[in-house]
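Residue-level listing of the chains:
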Amino acid sequence: MFKEFKAFAMRGNVVDMAVGIIIGAAFGAIVKSLVDDVIMPPIGLLLGNVDFSNLFVVLRDGAEIAPPYASVAAAHAAGAVTLNYGLFINAVVSFTIVAFAVFLLIRTINKLKTEEPAEPAATPEDILLLRDIRDSLKK
């Protein structure tokens with residue numbers, strides 16, 4: 001059983017998939033940082049100094065500290081239940097960037113894989129002869 005598992009794990013597709021997952025996770029972290037630290041702060045500044053990571057709605061007040069809460073972390077520390085729509089917006093922007101990057105990658109791979117259309121095979125002589133007979137009969 002160990003030999004079968006080793007053969008399975010060492011197949012090219014499994015190793016390629018593992019490398020892809022690792023690189024994808026690293027790419028996801030880079031995109032998350034890009035969205036949280038580079039893209040959303042200027043957008044928040046343009047919209048009136050809004051910090052998207054702290055946009056939330058309190059669904060239930062905390063037992064320890066009464067609202068209003070300055071941040072999601074403060075609300076959670078107070079024991080409040082919150083709906084964090086700002087974090088959701090950040091996640092949607094991150095997903096959109098990752099999806100677009102994957103689209104560009106797949107598009108490039110497909111262009112590289114595109115092969116020249118094969119030339120049609122030569123028509124066999126018997127078919128050519130049959131066509132000549134057909135054309136003669138039509139006349």
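Above this text sits the structure in question.
Below you will find a few notes about this structure. Note that the coordinates shown come from a computational prediction; the quantities given were computed from them, not determined experimentally.

**As for the layout of surface pockets**
Thought 1: One number sums up the size of the largest pocket: a volume of about 180 Å³.
Thought 2: The set of elements that each furnish at least two residues to the lining of the largest pocket consists of α2 (12–46) and α4 (85–113).
Thought 3: Per element, the largest residue contribution to the lining of the largest pocket is 5 residues, and it comes from α2.
Thought 4: Partitioning the lining of the largest pocket into residue classes produces 6 nonpolar, 3 polar and no charged.

**Some words on the environment of Met-10**
Thought 1: Of note, Met-10 is situated in the loop between α1 (2–9) and α2.
Thought 2: For Met-10, a relative accessible area of 58% puts it in the exposed group.
Thought 3: Each C-alpha atom, one on Met-10 and one on Leu-34, is 35 Å from the other, the two residues being 24 residues apart in sequence.

**Thoughts on the pattern of salt bridges**
Thought 1: For the structure shown, the criterion picks out 2 salt bridges.
Thought 2: Close ionic contact of Asp-36 with Lys-32 constitutes a salt bridge, the shortest N to O distance being 2.6 Å. Of this pair, Asp-36 and Lys-32 both sit in helix α2, 4 residues apart, roughly one helical turn.
Thought 3: Taking relative accessible area as the criterion, Lys-32 reaches 48% and is therefore assigned partly exposed.
Thought 4: Asp-135 is the partner of Arg-134 in a salt bridge, and the nearest nitrogen-oxygen pair spans 3.4 Å.
Thought 5: The exposure class of Asp-135 is partly exposed, given its relative accessible area of 33%.

**Focus: the nonpolar core**
A general tendency of soluble globular proteins is for nonpolar side chains to be buried together.
Thought 1: Within the largest apolar cluster, 6 residues are counted, these being Phe-56, Tyr-69, Val-72, Ala-75, Ala-78 and Ala-80.
Thought 2: Residues in contact with Ala-78, not counting those within four places in the same chain, are Gly-62, Ala-63, Glu-64, Ile-65 and Tyr-69.
Thought 3: In terms of nonpolar packing, the next biggest core, distinct from the first, is built from 5 residues, Val-35, Met-40, Phe-52 and Leu-55 among them.

**Re the side chain of Ser-71**
Thought 1: Topologically, Ser-71 is positioned in the loop between β1 (57–60) and α3 (72–77).
Thought 2: Here the side chain of Ser-71 touches Ala-74 through a polar contact of 3.1 Å, landing on its backbone nitrogen.
Thought 3: When neighbours within four sequence positions are excluded, Ser-71 is seen to be in contact with Asn-54 and Phe-56.

Rules and cut-offs
Residues numbered from 1 in each chain as written. Predicted model: local features only at pLDDT ≥ 70, side-chain atom pairs only at ≥ 80, totals over all residues. Heavy atoms only, no water. 1 Å grid on protein atoms, 1.4 Å probe; cavity = no way out; pocket = protein on both sides within 12 Å on 5 of 7 lines; lining within 4 Å. Points joined across faces, edges and corners; volume = space filled by probe spheres on them. Helix = DSSP H or I, 4+ residues; strand = E, 2+ residues; numbered from the N terminus. Nonpolar A, V, L, I, M, F, W, Y, C, P; charged D, E, K, R; others polar. Buried < 20%, exposed > 50% of the residue type's maximum accessible area, 1.4 Å probe, protein only. Salt bridge = Lys/Arg side-chain N within 4 Å of Asp/Glu carboxyl O. Core = buried A, V, L, I, M, F, W, Y, C linked by side-chain atoms within 4.5 Å. Contact = heavy atoms within 4.5 Å. Polar contact = N/O pair within 3.5 Å; in protein donor to acceptor, adjacent residues only side chain to side chain.

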